[in-house]
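Structural characterization, general
For reference, the chains in residue letters:
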Amino acid sequence: MISMRHSSRVQWVALIAALALPLAGCTKKKPVVEDGDGPPDPQKYVQAALTAMDEGSKLEDVHSTFQEGCDLHKSEEFQIPIHVKACFNTGVTAAKLGDNNKAIAYYKTALKGDSTFKPAVQNLTYSLLQAGKASDALPYYESYIKANPTDAEMVNNYAGTLGESGKFDEGVKVIEDLLFKDPKDTGAYKTLARIYFLQGNYRMSQLASANALKFTPEDGDIHNNIGLTFLKEGKEGEAVAAFKEALKLDENNIQANMNLGLIALKAADWQQAAESFNRVLSQEPGNADARIGLAVAYRGIAEFDSAIEEYDKILKVNSCNRLALMNKAVVQGLFLDDYKSSLKTYDAHRKCHPDVNIDDRVAVVAKAQEEEDEMRRQQAELEKQLEELERQAKEYKPKLQAKAERARRVFAKYAEVEQDPSWAEALEDQIEQIQFALESEDFSFMQEAALYLDEFIVSYYEYALEKSPEEWTDESNVIEAPKAAEEGAPAEGSEAPADGAEAAPADGGEGEAAPAEEGAATEEAAPAEEGAATEEAAPAEEGAATEEAAPAEEEAAPAAEEASE
């Protein structure tokens, strides 16, 4: 909801001013209060909490210590009066933690101890306004003003609360009385602008804000209020300019940041929205509206886990916050596909808000959950089947290798049978396919390759060998391939010569001397007698040069040379 201040900001007492400091990540232990033998002293708890706060303890621990001090008045053993400051500070820390209902309860307890304690009246009425209970705040103002009729600030706040309660004329009348006494009362003009705004009289609201600016032009709240009237008139550009002007004067202005953040969400400017809401939360960590806005911004920039964290922070304080429950369930179901968690969150929403119908939303998530469960079941079944196929493939691999080798032995066995050479080529193709199947480790592929090989070999027997394929189809039958002859062994049916004997020529004639290597010259036969001419040896190959035969003795060399000429 767009925020507008109707009065001066609620002031926290000096006792807890340091609570605005960041306390996240502190590691100090919870403060311990030492009580003597007598009745416990609430002031000791207040002092211990303040000391712990100064030392950087967790806000939760500081709050718990204040609460213990306040609750001492409930003791049946000791008659301890209500300690106003302990109860008031308990309310303040509860508000800081985002538990507005608890804050209201402890402010009321503080006022039971002292109905004129102004900070408690201010904070209680402010908290009631935040809770949408403006009418409940009126009696507390009236009681205080009756005791303090000259407190202009509280009278001004009372007028604003009358406007929030729908009592516009009464609120305007109270403001007119204030302005009659002090025409320069900026706070009164701001409250008057708020009342006119609530009434729908935007022109008068702008006039009241303009009068306030005459006296305090540096007040960011006034620019924020002017921006709201522009929004109502449909002038969004002027409204954004007014909110930014407010932030120029005070970058931490809570209402201006809230309003700018909400406009940014509407425009899907997620970064601007996150920046604005973070500024609000730096001052009011318990501001649930700002935290929800921040979570929506995180969702917009797809930081879904961060969005869930913000919703959880709200639900930790108020487990039934409707917007936090609804938005968390949406993020879990639609963006994170965490259907079980989404249904659990919706169930919590139903328990907290049984009057709100969310059946359609739950049905969408429940259907998605069923589909996911079925998909996971199918996936598990598929994985189981794949594991079985892998096991079968592992077991079948050596069988397929053996089948391929058996096929080779068939072809080796019948290699001498006259047949078309394409059968041998086709076998190699089949073996290659089997190798592919083995490398794939795909059981179905391996079975298919084996089937094709069987069909091929059966065809080979029937058409190439013209035999029955029973030898192949009977897998118990071992097919033996002929052993290859050893190198240098005699042909089948021949007899080896006796040791030391030379083989006779085939035609029974004298064997000719084997020629020398190609290109080598042959020697001439040695002469039978000294001085006799030698015959030329026939050349080993046509065209090859011949050498003269070496003489039997050295003295025969000249005659041999003459004979060769």
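Calculation rules
- Residues numbered from 1 in each chain as written.
- Predicted model: local features only at pLDDT ≥ 70, side-chain atom pairs only at ≥ 80, totals over all residues.
- Heavy atoms only, no water.
- Disulfide = S-S within 2.5 Å.
- Helix = DSSP H or I, 4+ residues; strand = E, 2+ residues; numbered from the N terminus.
- Buried < 20%, exposed > 50% of the residue type's maximum accessible area, 1.4 Å probe, protein only.
- 1 Å grid on protein atoms, 1.4 Å probe; cavity = no way out; pocket = protein on both sides within 12 Å on 5 of 7 lines; lining within 4 Å.
- Points joined across faces, edges and corners; volume = space filled by probe spheres on them.
- Phe/Tyr/Trp six-rings, centres within 6.5 Å; stacked < 30°, edge-to-face > 60°.
- Lys NZ or Arg CZ within 6 Å of the ring centre and 35° of its normal.
- Patch = residues over 30% accessible without salt bridge, like charges linked within 9 Å, V, L, I, M, F, W, Y side chains within 5 Å.
- Areas by Shrake-Rupley, 256 points an atom, 1.4 Å probe, with all protein chains shown as cover.
- Salt bridge = Lys/Arg side-chain N within 4 Å of Asp/Glu carboxyl O.
- Axes fitted to C-alpha atoms, helices over the stretch in contact; angles between N-to-C directions.
- Parallel < 35°, antiparallel > 145°, perpendicular 65-115°, else oblique.
- Left-handed = near helix turned anticlockwise from the far one by under 90°.
- Contact = heavy atoms within 4.5 Å.
- Nonpolar A, V, L, I, M, F, W, Y, C, P; charged D, E, K, R; others polar.
- pLDDT = per-residue confidence, 0-100.
- Lys, Arg positive; Asp, Glu negative; His and termini not counted.
- Charge placed at Lys NZ, Arg CZ, Asp CG, Glu CD.

Details of the state of the cysteines
Across all of its chains, the model carries two disulfides by this definition. Across a sulfur-sulfur distance of 2.0 Å, C70 and C87 are joined as a disulfide pair. Negative torsions about the S-S bond denote left-handed disulfides, and the value of about 90 degrees found for C70 with C87 makes this one right-handed. Of the two residues, C70 is situated in helix α2 (residues 59-70) and C87 in helix α3 (residues 84-96); the sequence distance between them amounts to 17 residues. Each member of the pair C70 and C87 is classed as buried. Between the sulfur of C320 and that of C352 lies a disulfide, 2.0 Å long from S to S. Since a negative S-S torsion denotes a left-handed disulfide, the C320-C352 link at about -65 degrees is left-handed. Linking C320 in the loop between α16 (304-317) and α17 (322-335) with C352 in helix α18 (residues 339-352), this pair joins segments that are 32 residues apart in sequence. With relative accessibility at 24%, the residue C352 sits in the partly exposed group. In the protein chain, the bonded cysteines, numbered by position in the sequence, are linked as 1-2, 3-4.

Points about the layout of surface pockets
The space that makes up the second largest pocket amounts to roughly 240 Å³. Lining of the second largest pocket is provided by Y396, K399, A402, K403, R406, R409, E475, S476, N477, V478 and I479.

Description of the packing of aromatic side chains
For the structure on display, the rule yields 13 aromatic pairs. One aromatic cluster is present, built from ring pairs that chain together F411, Y414, W423, F456, Y460 and Y461. Lying across the ring of W472, R406 places its NZ or CZ 4.7 Å from the centre.

So, a nonpolar patch on the surface
Among the surface-exposed residues, L334, F335, L336 and V364 lie close enough to one another that they form a single nonpolar patch of about 350 Å² accessible area. Inspection of the secondary structure puts L336 in the loop between α17 and α18. Taking the relative accessible area as the measure of exposure, L336 reaches 33% and is therefore partly exposed.

Quick word on the packing of α18 against helix α19 (residues 359-413)
Two numbers describe how α18 lies on α19: the axes approach to 9 Å, and their chain directions differ by 155 degrees. In terms of axis orientation, α18 runs roughly antiparallel to α19. The two elements α18 and α19 meet at a crossing, and its hand is left-handed. Residues Y339, K340, S342, L343, Y346 and R350 of α18 form the contact with α19, whose own contacting residues are D359, R361, V362, V365, A366, A368, Q369 and E372. Grouping the amino acids of the contact of α18 with α19 by side-chain chemistry returns seven nonpolar, two polar and five charged.

So, the confidence of the model for the protein chain
With 79% of its residues at a pLDDT of 70 or more, the protein chain has an overall mean of 82. Overall, residues 1-27 carries pLDDT values under 50, and its contacts beyond four positions in sequence, including any with other chains, amount to 73 contacts. Confidence over residues 486-565 falls short of pLDDT 50; this stretch has 41 contacts with residues more than four positions distant or in other chains.

Describing the packing of helix α7 (residues 152-164) against helix α8 (residues 168-181)
At their nearest, the axes of α7 and α8 sit 7 Å apart, and the two run at 160 degrees to each other. As judged from the angle between their axes, α7 and α8 are roughly antiparallel. Crossing angle aside, the handedness with which α7 passes α8 is left-handed. In contact with A152, V155, N156, A159, L162 and G163 of α7, α8 contributes F168, E170, G171, V174, I175 and L178. When the residues that make up the contact of α7 with α8 are grouped by side-chain class, the tally is eight nonpolar, three polar and one charged.

A look at the environment of E77
By secondary structure assignment, the location of E77 is in the loop between α2 and α3. Residues E77 and P39 lie 38 residues apart in sequence; the distance between their C-alpha atoms is 8.7 Å.

What about the environment of F230?
By the element assignment, F230 lies in helix α11 (residues 220-232). Residues F230 and A241, spaced eleven residues apart in sequence, show a C-alpha to C-alpha distance of 9.9 Å. Leave out the neighbours within four places in its chain, and F230 touches Q206, K235, E238 and A239.

Comments concerning a negative patch on the surface
A surface patch of like charges, here negative, comprises E383, E387, E390 and E441. Position of E390 among the secondary structure elements: in helix α19.

Quick word on the pattern of salt bridges
Counted according to the given criterion, the structure contains 23 salt bridges. With its nearest N and O atoms 3.0 Å apart, the salt bridge here joins K190 to D219. Remark: D219 occurs in the loop between α10 (202-215) and α11 and K190 occurs in helix α9 (residues 186-199); sequence separation between them is 29 residues. The two residues K190 and D219 agree in class, both being buried. For E395, the salt bridge is made with R391, and the minimal N-O distance between the two is 2.7 Å. Of this pair, E395 and R391 both sit in helix α19, separated by four residues, roughly a single helical turn. Given a relative accessible area of 46%, E395 falls into the partly exposed group. With relative accessibility at 37%, the residue R391 sits in the partly exposed group. Here the salt bridges do not stand alone but share partners, grouping K118, D151 and E153 into one network.

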